[in-house]
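Understanding the architecture of this molecule
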Amino acid sequence: MDIRVILTALFLAIGCFLFLVASIGVIRFPDFFTRMHAAGKADSLGQACIIIGLMIYSGFTQVSLKLLLIMITVFIINTTATHYLAKAAYLKGVKPWVKGSKYGETNPFAVPSAANVVAKKAKAKR
Amino acid sequence: MTDLAIPLFLVVCGIAVLLVKDLMSSIMIFSVYSLMMAIEWCRLNAVDVAITEAAVGAGISTVLFLVILGRTKYVDEGKKHVNIPALLVAVAVAAVLLYGTMDLPHLRDANIAPNTHVVTPYYLEHSYEQAGQLNVVASILAYFRGYDTLFETTVVATAGFCLVLLLRVRNKKPGTLDSQKNEVTARKKTPASIGVKPIETFPDILDQDKDIIKRTVTKFLIPFIQLFGLYVIVHGELGPGGGFQGGVILGVSIIVYSLVFGFEEAKKRMSVKTKDLLVSSGVLIYGGIGVIALFFGGNYLQYGVLLPDPQFGSVVGIMGIEIGVGITVAAVMITLFYETVRIDADD
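**Some details on the overall build of chain A**
Across its full length, chain A carries four helices and zero strands. Scanning chain A from its N terminus toward the C terminus, one meets helices and strands in the order α-α-α-α. Here chain A holds 126 residues, and the buried ones make up 17% of them. Residue pairs at least 24 apart in sequence account for 63% of intrachain contacts in chain A once pairs closer than 6 positions are excluded.

**Considering the domain arrangement of chain B**
All names here are of chain B. Partitioning chain B into domains gives domain 1 (1-116) and domain 2 (136-347). Counting from both sides, the interface comprises 14 residues of domain 1 and, opposite them, 19 residues of domain 2. When the residues that make up the side of domain 1 that touches domain 2 are grouped by side-chain class, the tally is ten nonpolar, two polar and two charged.

**As for the packing of helix α1 (residues 3-28) of chain A against helix α2 (residues 32-58) of chain A**
Packed helices, taken two at a time, are described by the angle their axes make and the gap between the axes. Residues and elements named next belong to chain A. Across the interface, α1 lies against α2 with an axial gap of 8 Å and an inter-helix angle of 165°. The angle between α1 and α2 falls in the class roughly antiparallel. The handedness of the crossing between α1 and α2 comes out as left-handed. Per-class residue counts for the contact of α1 with α2 are 18 nonpolar, five polar and three charged.

**Some words on helix α11 (residues 212-235) of chain B**
Residue and element names in this part refer to chain B. The terminal C-alpha atoms of α11 lie 34 Å apart, and with 24 residues this matches the ideal 34 Å at 1.5 Å per residue to within 8%. L221 marks the point of greatest bend in α11, at about 30°, and the proline P223 comes within the next four residues. Within the span of α11, buried status applies to F228, G229, V232 and I233. Buried residues belonging to α11 abut α3 (47-69), α12 (243-261) and α15 (310-341).

**Side note on the nonpolar core**
Core analysis: the biggest nonpolar cluster contains 56 residues, and V248, V329, V332, M333, I334 and F337 of chain B have the highest contact counts within it. Take this core: its biggest share by element is 15 residues, from α15 of chain B. In this structure V332 of chain B touches V156, A157, A159, G160 and V279 of chain B, once residues within four positions along its chain are discounted. By size, the runner-up hydrophobic cluster in this structure holds twelve residues, among which are F11, I50, M55 and L67 of chain A.

**A closer look at the packing of helix α7 (residues 136-144) of chain B against α15 of chain B**
All names here are of chain B. Where α7 contacts α15, the two axes come as close as 10 Å, and the packing angle between them is 85°. When the axis of α7 is compared with that of α15, the two are roughly perpendicular. Across the interface between the two elements, A138, A142 and Y143 from α7 touch S314, I318, I321 and E322 from α15. Split into classes, the residues belonging to the contact of α7 with α15 amount to five nonpolar, one polar and one charged.

Cut-offs applied
Residues numbered from 1 in each chain as written. Chains lettered and ligands numbered in written order. Predicted model: local features only at pLDDT ≥ 70, side-chain atom pairs only at ≥ 80, totals over all residues. Helix = DSSP H or I, 4+ residues; strand = E, 2+ residues; numbered from the N terminus. Buried ≥ 20, exposed ≤ 12 C-beta atoms within 10 Å, placed from the backbone. Contact = placed C-beta atoms within 7 Å. Domains from an automatic or database assignment. Nonpolar A, V, L, I, M, F, W, Y, C, P; charged D, E, K, R; others polar. Axes fitted to C-alpha atoms, helices over the stretch in contact; angles between N-to-C directions. Parallel < 35°, antiparallel > 145°, perpendicular 65-115°, else oblique. Left-handed = near helix turned anticlockwise from the far one by under 90°. Expected span 1.5 Å × (residues − 1). Bend = angle between axes of the 7 residues up to and from the residue. Core = buried A, V, L, I, M, F, W, Y, C linked by C-beta atoms within 7 Å.

Okay, here's the thing in structure tokens:
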């Protein structure tokens, strides 16, 4: 078998594995931040591995140059997006999961709504 | 498999948009819907439409929805009651549309109307020798159906003008909107009221790294976005792309800049006046090339007469009108964004 095909298959397998792990992580992890942590792996390394595999498959051509550009762009944009998603959640006051609390004990989507924040502030003033 | 999976996902997204209470989630699902739609277009070999759908549907319209959402409430608190006449009209329209789909050709049907129509062989045979375009879509749009595209561009420009007329006048008029304006500025001062909890613990650390990542990434990416936009415009001759798609991408680059660096900074790069001029100048370039063709002794929009070699003349003429279309579309996209966020900036 061609060495190129084997390398391609190897990289595609690594990429698919990372995507699978990330998907399991997104479902299984308890809160927003750990889920972002899992999803970030697929966004960065997973897609990079898959595109490297495709680049090896297409050889030294214009197509692989385009794939390289796609890889770099997605690598930068997705990591930035992950960072800002986590930051936005932090700024909005999403509660991170703490060690010891049972799975599902803290509602991961317990975002303080506008009314709640105002009510809390009013309480604090009193 | 994908024949069914993607349309099914689209239907699920469409229902979810209506059912979700949180308007922010609703917008995000709508954005996902557009992305899936882009994939579907790609799968149906309509790459031009896919580019536009991804840029406009998932990009610009999401941003516009978010801008508008920033001024209203996040949660849909309207009372749920069924409006019987509206429901009847909706059901009737849906039934008519569904009835209409029965006439649509099947997927991958070889005997569809575009394949069997009498003009199709003509377009395919004369695309290269007359228009000099390897991409038949581009030659039909710009050469064989040049008038259609001219008026499409005019329609886009007119939409931009209408937007300016509606929103700019409204923004400047005192009275009804001043109260809203004050409300907006008041809300800006208290971020808690829109659900953003201000961080009080590390103010200076946060100020320092507040924007550095997004600013750096945006500065790095915008040249590439614009280069890609220009590439799509120019490459329309050979592959998918053209003035409409490239113009949208160019418009997006300015919108991204405006989102990250603020409206004031963006106005320094692309002022409102320049943008207004660009909206009409694109159409002017398109129409002007037609008039130049008249001077050279041809018909209106007959690009072949522009140069001694008719084929090369067509290539140059089509390139010119693609640039015109691109300028208009980009400027209209920027208009959409500018006129929507304008109320936030005090003018």
